[in-house]
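Here is how the chains run, residue by residue.
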There are 2 protein chains.
Amino acid sequence: MSDVMIMLNKNELPRAWYNIHADLTQPLPPPLHPGTGKPATPEDFAAIFPAPLIEQEVSRQQWIPIPEPVLDIYTMWRPTPLIRARRLEQFLQTPAKIYYKDESVSPAGSHKVNTAVAQAYYNKISGTKRLATETGAGQWGSALSFATQLFGLECVVYMVKVSYEQKPYRRSLMQIWNATIHASPSPQTEVGRKFLEADPQCPGSLGIAISEAIADTVSHAHTKYALGSVLNHVMLHQTVIGLETREQLQRAGDSPDVFVGCVGGGSNFAGLAFPFIFDRNRKKSARFIAVEPSACPTLTKGPYCYDFGDTAQMTPLLKMFTLGHGFVPPGIHAGGLRYHGMAPLVSALYADKLIEAVSYPQTAVFEAAVTFARTEGRIPAPETAHAVRAAIDEAVQCRNRKEAKTIVFNFSGHGFFDLVSYDKYLAGKLDDFSYSEEKINEALRSLPKVNEPA
Amino acid sequence: MSDVMIMLNKNELPRAWYNIHADLTQPLPPPLHPGTGKPATPEDFAAIFPAPLIEQEVSRQQWIPIPEPVLDIYTMWRPTPLIRARRLEQFLQTPAKIYYKDESVSPAGSHKVNTAVAQAYYNKISGTKRLATETGAGQWGSALSFATQLFGLECVVYMVKVSYEQKPYRRSLMQIWNATIHASPSPQTEVGRKFLEADPQCPGSLGIAISEAIADTVSHAHTKYALGSVLNHVMLHQTVIGLETREQLQRAGDSPDVFVGCVGGGSNFAGLAFPFIFDRNRKKSARFIAVEPSACPTLTKGPYCYDFGDTAQMTPLLKMFTLGHGFVPPGIHAGGLRYHGMAPLVSALYADKLIEAVSYPQTAVFEAAVTFARTEGRIPAPETAHAVRAAIDEAVQCRNRKEAKTIVFNFSGHGFFDLVSYDKYLAGKLDDFSYSEEKINEALRSLPKVNEPA
């Protein structure tokens, strides 16, 4: 009987998150105030985030203890399994070893819950009664609904209208977990009403939904805002993934050559990779590959500069790889990867060439997903399937070069709510959206002119 | 940090299935040939089942080794977690301990895979090239598709037409795993064509789909039939659930007072309960509760007698609790519990009063499911929610009586493909189908007249 699942005991759950900001040779370029263009102060964030999260956002402390009530909830599904994909290896006839960290076992079905629980907790102890957020297809919204339900917070989710109507299943999850969901643009906020007046049929976008969630936050008492990716504190909370993986690989006696994760805002990739990047015990030659859709090629085609996090220019400016806050990616099924920017921490590592990036069109991604499902049984989310594609390609290269490398990728979420996209792929009806240089150049012209702080 | 998940290592996976037939004081009443009414011989089954499964069907050997290739696949998700539902306990303010065995973590999302893998394996080594089966909502069809895909067998699934059209997601799963799916009644078989001729809009039924799968089997070379519940060998394969649970409870230092599982054909209940029923170490006072829908009250309202397994009277006659093979249960959302009969092994134990049965209407069941989802995070399948209801009621009774009992139930599958039914429940649009004595009495009149063998 072969070694397939590598499990940890609950007492091996990490007790602290790893903050990679501590190990960067220089601190991140600071966020800038959207009005003044000057470095934003912690006070600037106080209207939308509770103090402990603002503190984590700017902290350069290497280890930050995980509070007991958060650990207590983590134990409902953590430590998650690390699984050796032996059947996939056999199918590919590769000498490589392929492992995947299965974050899909969480109640909401993805890694997003790791930060949702932490954010709900810090808001709870800071006196927040109500959290506002946005969601596209609903991965983040459902994770936050689950977390707020456990802490007895209200949760209001602005869900991009086209997803609200066409993807009802994660909406159902949110309802089961007691969240209030508004199709965005909504009549709830001034910005929403403005978009509805201009076009009552407006399908919405993540940019509008973010603006509505922030507008809701600042206009309601005891309400804060929660974001599911991009920010430093989100990356921090996700490091439980990599910390567990490190322990599990040690138990398996393996040291990886290649780490792989998909990137939208960057948090699941960061969660897996960060604890290894500055680790003295990792192989010197180890590579870290961020995988993005070629329809939204932030790292592979964008510049590294200051930009807004949302379309309506309400958020602070962050220095990051970006396609411009005006960029609207085509409607690929991996909705979670349709974001114009990239986490500042991931961006800084990419600028320093500590990590690599690669992009794939969606039919190649679904082909890999189906290969995985037919060998390993599990159905990846379309986002996760990007990591599967890159892991398979690395393993095939190992076969061609006769190299017995060890590859680890993050299985960030399951695809049970995305089966319509699999149906389309299997019926040969899936489009590849070609990367449009023109469209990106147009969006890049929307980049704000910024005097970078020295 | 409280003890939540109790995990076993892969080397603690059971190496043999437990055959409760060995411990019954007398052998089960034999199946009868549908044509002659005489006890069916192993040869009678040879047209539809491979020899090793027929052997298991009649075996009275107490332990049957699990073949290495089956164990090897089990390790892809087994041992499954046993989880202490502390948050549910707190919510109910009960002194009871509640544990659930999480079978939803399998690739196909339910316990069905435990027998699907075993059946695919024994067919493979017996020279079968192709397996035919029926499915209602698709739990069993998707489990068998997964298993046949891993063993390189063809799989053809006759799926009840109304489900084929209204519940496309488990159909998508089956397609991903390479199965061929026919909406039943189909033009593929004579019996299907007959139904289509009579009514081209015929929505189908499980009874018709079984008949089509058997008709397909006997008319194709190298093809056998696979059944997902009811039969002895299916109960046998499911005992990995209870065997693991026994080990996990021992580790937790607990000995249960109450075991709970939902029953349609009986296999997930059997899987959990059978290893404990004749166990000398279990509490003498322990109770075993089978939970069924009040819309299909096989154990609580049916007689114990010989009946056919399908509507078209093609299967052998089995002695079981039954509502009559002509009984068509109302369209409750727990499709997997809409079966007129009950596994002969479960029936014999119930007749001997070694187990109990209870029934619930579906709104009470969904209320329990939502309570569970809001405390424990996991979304139960509508079938599983019946077990949740009974476990909660037992725990509430413990509160009222101030008894610190230990309750264990089987979380047989997740509800990610059943969220439409949750939406209906939350919108107050779910019907309770009242139990119709008249309808059952009518169906009971269809029971065959049988001279029971001495």
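Given the structure is predicted, the values throughout are model-derived calculations rather than measurements.

**Student:** A description of the overall build of chain A should follow, citing residues and the corresponding values.
**Tutor:** Assigned secondary structure in chain A consists of 19 helices and 15 strands. What you see for chain A is a C-alpha radius of gyration of 21 Å, in line with the 22 Å of a compact globule of 454 residues. Here the C-alpha coordinates of chain A stretch approximately 60 × 50 × 50 Å along the principal axes. Counting all 454 residues of chain A, 64% fall into the buried class. Counting contacts in chain A only where the partners sit at least 6 residues apart, residues at least 24 apart contribute 77% of the total. Carbon and sulfur atoms provide 49% of the accessible area of chain A, an area that totals close to 16,100 Å². Measuring between centres, the 44 positive side-chain charges of chain A sit 4 Å from its 44 negative side-chain charges.

**Student:** Account for the domain arrangement of chain A, with residues named and values stated.
**Tutor:** How big an interface is tends to be stated in terms of the accessible area lost upon association of its parts. Residue and element names in this part refer to chain A. Once the domains are mapped, chain A shows domain 1 (4-9 + 78-107 + 239-444) and domain 2 (17-66 + 110-232). For domain 1 versus domain 2, the distance between C-alpha centres works out to 23 Å. Taken residue by residue, the interface counts 46 residues in domain 1 and 39 residues in domain 2. Counting every contact that joins domain 1 to domain 2 gives 1 salt bridge. The salt bridge involving R170 is made with D418; its shortest N-O contact spans 3.4 Å.

**Student:** If you had to explain the packing of aromatic side chains to someone new, which residues and values would you point to?
**Tutor:** Inspection of every chain in the model, using the stated rule, returns 44 aromatic pairs over all chains. Taken together, a centroid distance of 5.1 Å and an interplanar angle of 75° make the contact between A:Y100 and A:F372 edge-to-face. Of this pair, A:Y100 sits in strand β5 (residues 97-102) while A:F372 is found in helix α16 (residues 362-376), placing the two residues 272 residues apart along the sequence. Here A:Y100 and A:F372 have matching classes, each one buried. Taken together, a centroid distance of 6.1 Å and an interplanar angle of 25° make the contact between B:F366 and B:Y425 stacked. Linking B:F366 in helix α16 (residues 362-376) with B:Y425 in helix α18 (residues 419-426), this pair joins segments that are 59 residues apart in sequence. Classification of B:F366 by relative accessible area gives buried; the value is 2%. Connected via pairs of aromatic rings, a cluster forms that spans A:W17, A:Y121, A:Y122 and A:F151.

**Student:** Describe the sheet that holds strand β14 (residues 356-360) of chain A, and please don't skip the residues or the numbers.
**Tutor:** Residues and elements named next belong to chain A. One open sheet holds the 7 strands; their spatial order is β1-β4-β5-β15-β10-β11-β14, and the pairing between them is mixed. Pairing within the sheet leaves two strands with one partner each, and these edge strands are β1 (5-6) and β14. In this sheet, β5 lies alongside strand β4 (residues 82-84) in antiparallel orientation, the contact comprising 3 bridges. Pairing of L82 across the sheet is with K101, part of β5.

**Student:** An account of the interface of chain B and chain A is needed here, citing residue identities and associated values.
**Tutor:** Of the residues lining the interface, 46 residues belong to chain B; the matching set on chain A comes to 46 residues. Carbon and sulfur atoms make up 59% of the area that chain B and chain A hide from each other, which totals about 4,500 Å². B:R87 serves as the salt-bridge partner of A:D72, at 3.3 Å between the closest nitrogen and oxygen. Remark: the boundary between chain B and chain A carries 17 residue pairs in polar contact (both at pLDDT 80 or more). Within the residue set of the side of chain B that touches chain A, elements represented by two or more residues are α3 (68-74), α6 (139-151), α8 (168-176), α16 and α18 of chain B. Residues that form the side of chain B that touches chain A fall into these classes: 26 nonpolar, 9 polar and 11 charged.

**Student:** Let's hear about the relation of the copies chain B and chain A: which residues, and what values?
**Tutor:** Under the fitted operation, chain B is carried onto chain A by 0.0 Å of movement along the axis and a turn of 180°, and the coordinates agree to an RMSD of 0.0 Å. What the superposition gives is, in effect, a two-fold axis relating one chain to the other. In this assembly, 100% of the residues forming the interface of chain B have copies in chain A that are likewise at the interface, indicating an isologous arrangement.

**Student:** Please give an account of the packing of α6(B) against α8(B) that cites residues and values.
**Tutor:** Residues and elements named next belong to chain B. At their nearest, the axes of α6 and α8 sit 8 Å apart, and the two run at 10° to each other. Relative to α8, the element α6 lies roughly parallel. Like other packed secondary-structure pairs, α6 and α8 cross with a definite hand, here left-handed. Packed against α6, whose contacting residues are Q139, G141, S142 and S145, the element α8 presents R170, L173 and M174 at the interface. Partitioning the contact of α6 with α8 into residue classes produces 2 nonpolar, 4 polar and 1 charged.

**Student:** Describe helix α18 (residues 419-426) of chain A, and please don't skip the residues or the numbers.
**Tutor:** Residues of α18(A) that are buried: A:L419, A:S421 and A:Y422. End-on view of α18(A): buried residues confined to an arc of 155°, all on one side of the axis. Where α18(A) is buried, its residues touch α16 and α17 (382-401) of chain A together with α8 of chain B. Of the residues trailing α18(A), A:G428 is marked for its positive phi of about 70°.

**Student:** Talk me through the packing of helix α5 (residues 113-125) of chain B against α6(B); I want residue IDs and the actual numbers.
**Tutor:** Helix-helix packing is characterised by the crossing angle of the two axes and by the distance between the axes. All names here are of chain B. Axis separation between α5 and α6 bottoms out at 8 Å; the angle between their running directions is 40°. With respect to α6, the element α5 is oriented oblique. α5 and α6 meet at a crossing whose hand is right-handed. On α6, the residues that touch V113, T115, A116, V117, Q119, A120, Y121 and K124 of α5 are W140, A143, L144, F146, A147, T148 and F151. Class assignment of the residues belonging to the contact of α5 with α6 gives a composition of 11 nonpolar, 3 polar and 1 charged.

**Student:** Please give an account of unusual backbone geometry that cites residues and values.
**Tutor:** Between A:R78 and A:P79 the backbone carries a cis peptide bond, its omega angle lying at -10°. Even without being glycine, B:Q93 reaches a positive phi, approximately 50°. Mapped onto the elements of the fold, B:Q93 is located in the loop between α4 (86-92) and β5 (97-102). Judged by relative accessible area, B:Q93 falls into the exposed class, the value being 64%. Phi at B:H222 is positive, roughly 55°, even though this residue is not glycine. In this structure, B:H222 sits in the loop between α10 (206-219) and β9 (223-225). For B:H222, a relative accessible area of 53% gives the class exposed.

**Student:** Go over the state of the cysteines, please, and point to the residues and values.
**Tutor:** Counted according to the given criterion, the structure contains 0 disulfides over all chains. Between A:C305, a cysteine without a disulfide, and A:C296, which holds the nearest cysteine sulfur, the sulfur-to-sulfur distance is 14 Å.

**Student:** Which residues make up the environment of A:S59, and what are the values?
**Tutor:** All names here are of chain A. Looking at the element boundaries, S59 is found in the loop between α2 (51-58) and β3 (63-65). Not counting chain neighbours up to four residues away, the residues in contact with S59 comprise N19, H21 and I64. Of the polar contacts made by the side chain of S59, one reaches the backbone nitrogen of Q61; its length is 3.0 Å.

Criteria and thresholds
- Residues numbered from 1 in each chain as written.
- Chains lettered and ligands numbered in written order.
- Predicted model: local features only at pLDDT ≥ 70, side-chain atom pairs only at ≥ 80, totals over all residues.
- Heavy atoms only, no water.
- Helix = DSSP H or I, 4+ residues; strand = E, 2+ residues; numbered from the N terminus.
- Rg over C-alpha atoms; globule rule 2.2 N^0.38 Å.
- Buried < 20%, exposed > 50% of the residue type's maximum accessible area, 1.4 Å probe, protein only.
- Contact = heavy atoms within 4.5 Å.
- Areas by Shrake-Rupley, 256 points an atom, 1.4 Å probe, with all protein chains shown as cover.
- Lys, Arg positive; Asp, Glu negative; His and termini not counted.
- Charge placed at Lys NZ, Arg CZ, Asp CG, Glu CD.
- Domains from an automatic or database assignment.
- Salt bridge = Lys/Arg side-chain N within 4 Å of Asp/Glu carboxyl O.
- Phe/Tyr/Trp six-rings, centres within 6.5 Å; stacked < 30°, edge-to-face > 60°.
- Pairing = 2+ DSSP bridges.
- Buried area = accessible area lost by both parts, 1.4 Å probe.
- Polar contact = N/O pair within 3.5 Å; in protein donor to acceptor, adjacent residues only side chain to side chain.
- Nonpolar A, V, L, I, M, F, W, Y, C, P; charged D, E, K, R; others polar.
- Least-squares fit on C-alpha atoms with pLDDT ≥ 70 in both.
- Axes fitted to C-alpha atoms, helices over the stretch in contact; angles between N-to-C directions.
- Parallel < 35°, antiparallel > 145°, perpendicular 65-115°, else oblique.
- Left-handed = near helix turned anticlockwise from the far one by under 90°.
- Arc of directions from axis to C-beta.
- Disulfide = S-S within 2.5 Å.

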